[in-house]
Amino acid sequence: MDIELSAEDRAFQQEVRAFLKEHAAPAGGDRAQWRMQWFASAAAKGGWDVPKWPRQFGGPGWTASQHYIWDKETAAHTLPLDSPFGITMLAPILMAYGTKEQQDRFLPGIRSRQVNWCQGYSEPGAGSDLAALKTRAVLSEDGSHYLVNGTKIWTSLAHISDWIFCLTRTGDTGKRQQGITFLLFPMKQPGIEVKPIITLGGRHAVNMVHIADVKVPVANRIGKEGEGWTYAKGLLQHERTGIAGISRSLVALAALKEKARSVKYGEGNLFDDAAFRAKVAAVEIDLMALEFTELRSMAAAAAGNGPGPESSILKLKGTQIQQRIQKLGVEAAGLYSAVWRQASQPICGGPRFAHEAMENYLTGRAATIYGGASEVQRDVIWKNVLKNRS
Ligand SMILES: Cc1cc2nc3c(=O)[nH]c(=O)nc-3n(C[C@H](O)[C@H](O)[C@H](O)COP(=O)(O)OP(=O)(O)OC[C@H]3O[C@@H](n4cnc5c(N)ncnc54)[C@H](O)[C@@H]3O)c2cc1C
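The model shown is predicted, which means the values in this text are computed figures rather than measured ones. (Residues numbered from 1 in each chain as written. Predicted model: local features only at pLDDT ≥ 70, side-chain atom pairs only at ≥ 80, totals over all residues. Heavy atoms only, no water.)

Draft legend 1. Quick look at the overall build of the protein. Along the protein, the regular secondary structure elements total 11 helices and 10 strands. For 390 residues, the compact-globule formula gives about 21 Å, and the C-alpha radius of gyration of the protein, at 22 Å, lands near that figure. Overall size of the protein, expressed as C-alpha extent along the three principal axes, is 80 × 55 × 50 Å. Of all 390 residues assigned to the protein, the portion counted as buried reaches 45%. Considering only residue pairs separated by 6 or more positions, the protein has 69% of its internal contacts joining residues 24 or more positions apart. Here the protein has roughly 19,900 Å² of accessible surface; of this, 55% comes from carbon and sulfur atoms. (Helix = DSSP H or I, 4+ residues; strand = E, 2+ residues; numbered from the N terminus. Rg over C-alpha atoms; globule rule 2.2 N^0.38 Å. Buried < 20%, exposed > 50% of the residue type's maximum accessible area, 1.4 Å probe, protein only. Contact = heavy atoms within 4.5 Å. Areas by Shrake-Rupley, 256 points an atom, 1.4 Å probe, with all protein chains shown as cover.)

Draft legend 2. Main features of the site of the ligand. Ser122, Ser128, Trp154, Ser156 and Glu375 are the nearest of the 16 residues found near the ligand. A distance of 2.6 Å separates an oxygen atom of the ligand from a polar atom in the side chain of serine 128. Looking at the shell around the ligand residue by residue, the classes come out as 8 nonpolar, 7 polar and 1 charged. (Near = heavy atom within 4 Å. Polar contact = N/O pair within 3.5 Å; in protein donor to acceptor, adjacent residues only side chain to side chain. Nonpolar A, V, L, I, M, F, W, Y, C, P; charged D, E, K, R; others polar.)

Draft legend 3. The nonpolar core, seen in detail. Trp53, Trp117, Tyr121, Phe165, Phe182 and Leu184 are the most contacted members of the largest nonpolar core, which totals 33 residues. For this core, the element with the most residues is helix H4 (residues 84–97), which contributes 8 residues. Excluding residues that lie within four positions of it along the chain, tryptophan 117 makes contacts with Ser83, Phe85, Gly86, Leu90, Phe106, Ile110, Ser161, Trp163, Ile164, Phe165 and Leu184. (Core = buried A, V, L, I, M, F, W, Y, C linked by side-chain atoms within 4.5 Å.)

Draft legend 4. Structural context of unusual backbone geometry. A positive phi angle, close to 65°, is found at tryptophan 154, a residue other than glycine. Along the chain, the position of tryptophan 154 falls in the loop between strand S3 (145–153) and strand S4 (163–169). In this model, leucine 157 sits at a positive phi of 60°, which is unusual for a non-glycine residue.

Draft legend 5. Focus on the packing of helix H1 (residues 7–23) against helix H2 (residues 31–44). Their axes nearest at 11 Å, the elements H1 and H2 cross at an angle of 155°. By the angle class used here, H1 and H2 are roughly antiparallel. Every pair of crossing elements has a handedness; the one defined by H1 and H2 is right-handed. Across the interface between the two elements, Phe19, Leu20 and His23 from H1 touch Trp34, Trp38, Ser41 and Ala42 from H2. (Axes fitted to C-alpha atoms, helices over the stretch in contact; angles between N-to-C directions. Parallel < 35°, antiparallel > 145°, perpendicular 65-115°, else oblique. Left-handed = near helix turned anticlockwise from the far one by under 90°.)

Draft legend 6. Quick look at the packing of aromatic side chains. Applying the stated criterion to the full structure yields 14 aromatic pairs. Where phenylalanine 19 meets tryptophan 48, the ring centres are 5.2 Å apart and the plane angle is 70°; that geometry is what we call edge-to-face. Of this pair, phenylalanine 19 sits in helix H1 while tryptophan 48 sits in the loop between H2 and helix H3 (64–75), and the two are 29 residues apart along the sequence. Its relative accessible area of 5% is what places tryptophan 48 among the buried residues. When the ring of phenylalanine 106 is compared with that of tryptophan 117, the centres are 5.6 Å apart and the planes differ by 80°; the resulting orientation is edge-to-face. One end of the pair, phenylalanine 106, is in helix H5 (residues 100–112); the other, tryptophan 117, is in strand S1 (residues 117–120), and 11 residues separate them in sequence. Its relative accessible area of 6% is what places phenylalanine 106 among the buried residues. A relative accessible area of 3% places tryptophan 117 in the buried class. What links up through ring pairs into an aromatic cluster is the set Phe12, Phe19, Trp38, Trp48, Trp62 and Trp70. (Phe/Tyr/Trp six-rings, centres within 6.5 Å; stacked < 30°, edge-to-face > 60°.)

Draft legend 7. Structural view of the pattern of salt bridges. Enumeration according to the criterion identifies 16 salt bridges in this entry. A salt bridge links aspartate 49 to arginine 111, with the shortest nitrogen-to-oxygen separation between them at 2.8 Å. Taken as a pair, aspartate 49 in the loop between H2 and H3 and arginine 111 in helix H5 lie far apart in primary sequence, 62 residues in all. Between arginine 136 and aspartate 172 there is a salt bridge, with its nearest N and O atoms 3.2 Å apart. Highlighted residues: arginine 136 in strand S2 (residues 136–139) and aspartate 172 in the loop between S4 and strand S5 (180–186), separated in sequence by 36 residues. Residue aspartate 172 is classed as exposed on the basis of its relative accessible area of 56%. (Salt bridge = Lys/Arg side-chain N within 4 Å of Asp/Glu carboxyl O.)

Draft legend 8. Seen up close, helix H11 (residues 374–386). Among the residues making up H11, those that are buried are Ser374, Gln377, Ile381 and Val385. Across the axial projection of H11, the buried residues extend over an arc of 50°, all falling on one side. (Arc of directions from axis to C-beta.)

The values are spatial; any link to function lies outside them.
Dropping the structure here:
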């Protein structure tokens, strides 16, 4: 694996840098307007608004190294918030398994960011053991629609979503993975009730979603009835690769060092402390190692192999690293991080970042749970990677 950038890649890097300089976050101004401008400018560059989409669907058709460069360069900038559910998770499923009509109907809204999606997989009795899901979809006698009933939980952004992609049970025979059907339906309709769940960090991002007698036309089913598990699994691999957040961790680690340097410690600052520096160095080494794993995964993708079990390695280690960096942030803020709930701005006498250190830490606890808990990733790694080698 050649990790030196080629002359073409260096030229691409310069092009990305120039683009970011011109279009990344303006100081002040109308953020909503800038968000739409950003996507329009990125689209005008030739599909930069949908970097991961293949050329045939209007994406840029980048090589693995171009993706790597894009991720690294953009991580250091403030870019518009962009939910992964439509762009990164559902879109590849539509491209692979959707009909031409479904692609024409749903991809434009996903791409324009005008239609927000949420993911209805987990249920109160089905998380890690997703195949235990019970939300029922019953086909009407005339075969035109399904009637859906059930409860989904931990549904991120359901309260601001227009549509949901939802796993439902249509059959009970055979293996539990059979008889699962992948449906798409609007969130804003009678029969759907969204209840907020406030998590440890004090944020409202996840919800409970009750679904009662919701009619879903058969035209909104992806692929065949009863075969949704196959599509759902493919989507999880895309989700896991995204959650690893290696470029973001590189930026967070650099910020952590700056934060530590801003904290007075003895005659100098916290980053002079050998014990603290050793902890930072340990994370940095693991992050560097994971970056190489990501590069290997990208090289495999470039050779035409989609995300495979290595997405579980990236997810497992990537989220652990995120949490270690967040924990060191709390350590750097010291006692000042304890008053986080009361403070929405720097705390008098404390370091400037203290008010957000604890919130980031607490919110970050979920990263080793969502997208498949760490224990489950270890299981996937054992079954698909280690078992064959032992
Ligand atoms: C912030 C957040 C956002 C989320 N967003 C969404 C979303 O948008 N859409 C969605 O569908 N879901 C979402 N989820 C749900 C998430 O995917 C589940 O929480 C996750 O799959 C774990 O399921 P569970 O919570 O039911 O825990 P459980 O499956 O009950 O697991 C509990 C514990 O047991 C362990 N465990 C379970 N099975 C095994 C096993 N076989 N071997 C060893 N240990 C095991 C787990 O690792 C965990 O530590 C979100 C979760 C969170 C926290």
